[in-house]
Amino acid sequence: MRRINSEFQTVNMSEEGQKLSNRDYFGYVEMDDFACYVLADSLDGDSSINSAKLVVESIIRDFTEVPSMGKGRLKRMAHRAHTELLRQKAGMHLKASAVVAVTDYQKIRYVYVGNSRYYLIRNDRIMEKTTDQSLTSNLVEAEKITLDQAAAHEERNNLYSFLGERGTPKIQISKKRKLENGDVFLLLTRGVWEQCPDEKLLEIIRDANEPEEVLYRTEDWILERQETAEIDNYTMAVTFVRKVYQSPKKPWTLKKILMVVIPVVLVVGGISIALFLGHRSIQNKEKELAECMEDGETYFQNDNYQRAVEEYGEAEELADSLKREEEALLADQYKQVAEQIILADETLAAGEYEKAQELYLTAGEMSQKAGNVGKDYIDSQLERAKDYIAVYDLIALGERKEEYGNLEGAVAAYKEAREKAADIYYSEGKTEALEKQAAAEEAMEKAAMEEAARKKEQEETAAEETEKQQQEEKAALEMENQQKANDQQNAIDLENQGNMLFAQGKYESAITFYQTAQAIYRRLELDELADNLNPKIDAARAGMNAAAQGAATT
């Protein structure tokens, strides 16, 4: 119970400075025998994901599961945080600088990558301090610029290593260092060290009785410069080591016993010690092997296959060193299953669903040979891939129907794809199907509007043609009526002309005019007027006969 027999007092601040949002993050956990303090600074511009928070939570989570100050364990924790950034969001290059301090309340060790810093201060002196992984730091080491120039150098944030980089980050791990009562250790981002030089930091700590005073005075110093300098996000964690854990004194220790025995039985003791150490090493490896196998099984049960790969990889190495072929083979089998699942998961996340389905099927076969480890997860992922494929098959069907001009069929397919994606909580598929459905419906609505406009145009054209025809018919009728009126007037004129000739005794000419007028009346279907001319014609003929008889008599 080291924690309750020591006194570590930690406070922190984290502010956005002149940035739109604060993308620094700090977290720590103090357990019975170990404590871990993690600070990270986001280096990317993604507004939807806080890279620093992802890193801190990943490392704290891993440390809580297996607390340790071992170099290998700490390096793996940092590398897992790096992997988390790479896998978190396709297409976005997430990056972060990070620094970690780990203690057992007696000693301390730090881990870092990038330009987030760790300081250990004792008796107003900086005992340890990280070296930024930047071009500026390289120039300082090469003595091309001074430390004073480095704080404001233009390449101070040009990092050659950080979490989330394309290659493998250069994770730096310190040796363990004993803590003393009165020590102070700090974690801080560049928003602090750019504005507050080491000399000022030492002055602030020297005059502070409580860790909160360090925060307040440092922040005041930073804010005084906001009118003349650009203030980045600034985050700082301060830990006052009031009391270091002291191991209870024991009357006799193995070391003391050996110091008494060695002078007496040097040879026998040396052999005994060698045998003892060899046996203890084997026991430790066997214990660690069992722990790795047990941890790997736990991670399998929790579907944490990345951690399972690491544990079974360690188990395989331990088994090989102990010449345990059967256990080495078993660990290798489990590791290969986990690696196959990870590969399938990555392929699924990349949207290659059919390929992922094949990989899961292979993982299922490997799982069966390894005692069905991870079988439930593999089956569930296979079903998930199958559902995803079904969603995109429906979307593809809708696209084909669109190509053939069947917009109603396309909308129905997209709607079915959207509903299926919603049932399996597949947001990306649902969004894509919804967008395509909306586009197809818009196209269908546009086509309907165009068809309506076309019909309206046809109707207007037909109406115009009908009106034109009616006007032509009306004009023709008017012309015909006018012609009839003219013909009737001509007939009347001819009849009147015949009357005049009749009166003049020109009976033959009068008959000609009467007959012509009568023919016109008949054509105009004015039979009554035509019949009225018969008596006149008869009278003209009679007159013509009488005239002929009188001429014969004379």
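All of these numbers come straight from a predicted model, not from anything done at the bench.

1. Digging into the packing of aromatic side chains
Step number 1: Throughout the structure, instances matching the rule amount to 18 aromatic pairs.
Step number 2: Where tyrosine 353 meets tyrosine 388, the ring centres are 5.1 Å apart and the plane angle is 75°; that geometry is what we call edge-to-face. Here tyrosine 353, found in helix 12 (residues 353-369), pairs with tyrosine 388, found in helix 13 (residues 375-403); they are 35 residues apart in sequence, far enough to count as distant. In this pair, the class of tyrosine 353 matches that of tyrosine 388, namely buried.
Step number 3: Taken together, Phe26, Tyr28, Tyr37, Tyr110, Tyr112, Tyr118 and Phe185 form an aromatic cluster joined through their ring pairs.

2. Some points on the pairing of strand 10 (residues 184-188)
Step number 1: Counting buried residues in strand 10 gives five out of five residues, a clear majority hidden from the surface.
Step number 2: Covered by surrounding structure in strand 10 are Val184, Leu186 and Leu188 together with Phe185 and Leu187, the residues of both alternating faces.
Step number 3: Where strand 6 (residues 117-122) and strand 10 come together, five bridges link them in antiparallel fashion. Within strand 10, the residue paired with arginine 117 across the bridge is leucine 188.
Step number 4: Here five bridges tie strand 10 to strand 11 (residues 234-243), and the two strands are oriented antiparallel to one another. The residue bridging valine 184 from the neighbouring strand is phenylalanine 240, located in strand 11.

3. Concerning the pattern of salt bridges
Step number 1: The full count for this structure, using the stated rule, is 35 salt bridges.
Step number 2: Across the pair glutamate 311 and arginine 73 runs a salt bridge whose closest N-O atoms are separated by 3.1 Å. Placement of glutamate 311 in helix 10 (residues 305-321) and of arginine 73 in helix 2 (residues 71-88) is noted, with a sequence separation of 238 residues between them.
Step number 3: Relative accessible area serves as the criterion here: at 13%, arginine 73 is assigned to the buried category.

4. Points about the side chain of aspartate 183
Step number 1: Tracing the backbone through its elements, the reader meets aspartate 183 in the loop between strand 9 (177-178) and strand 10.
Step number 2: A relative accessible area of 1% means that aspartate 183 is categorised as buried.
Step number 3: A distance of 2.7 Å separates the side chain of aspartate 183 from the backbone nitrogen of glutamate 180, its partner in a polar contact.
Step number 4: When near neighbours in sequence (up to four residues on either side) are disregarded, aspartate 183 contacts Leu120, Ile121, Arg122, Lys178, Thr239, Phe240 and Val241.

5. Details of the sheet that holds strand 10
Step number 1: With antiparallel pairing, five strands are arranged side by side in an open sheet as 1-11-10-6-7. Edge positions in the open sheet fall to strand 1 (7-15) and strand 7 (125-129), since each of these has one partner strand only. Adjacent strand axes in the sheet meet at a mean angle of 20° when their direction is disregarded.
Step number 2: Both strand 1 and strand 11 contribute to a ladder of nine bridges, which runs antiparallel.

Quick notes on the rules
- Residues numbered from 1 in each chain as written.
- Predicted model: local features only at pLDDT ≥ 70, side-chain atom pairs only at ≥ 80, totals over all residues.
- Heavy atoms only, no water.
- Phe/Tyr/Trp six-rings, centres within 6.5 Å; stacked < 30°, edge-to-face > 60°.
- Helix = DSSP H or I, 4+ residues; strand = E, 2+ residues; numbered from the N terminus.
- Buried < 20%, exposed > 50% of the residue type's maximum accessible area, 1.4 Å probe, protein only.
- Pairing = 2+ DSSP bridges.
- Salt bridge = Lys/Arg side-chain N within 4 Å of Asp/Glu carboxyl O.
- Polar contact = N/O pair within 3.5 Å; in protein donor to acceptor, adjacent residues only side chain to side chain.
- Contact = heavy atoms within 4.5 Å.
- Axes fitted to C-alpha atoms, helices over the stretch in contact; angles between N-to-C directions.

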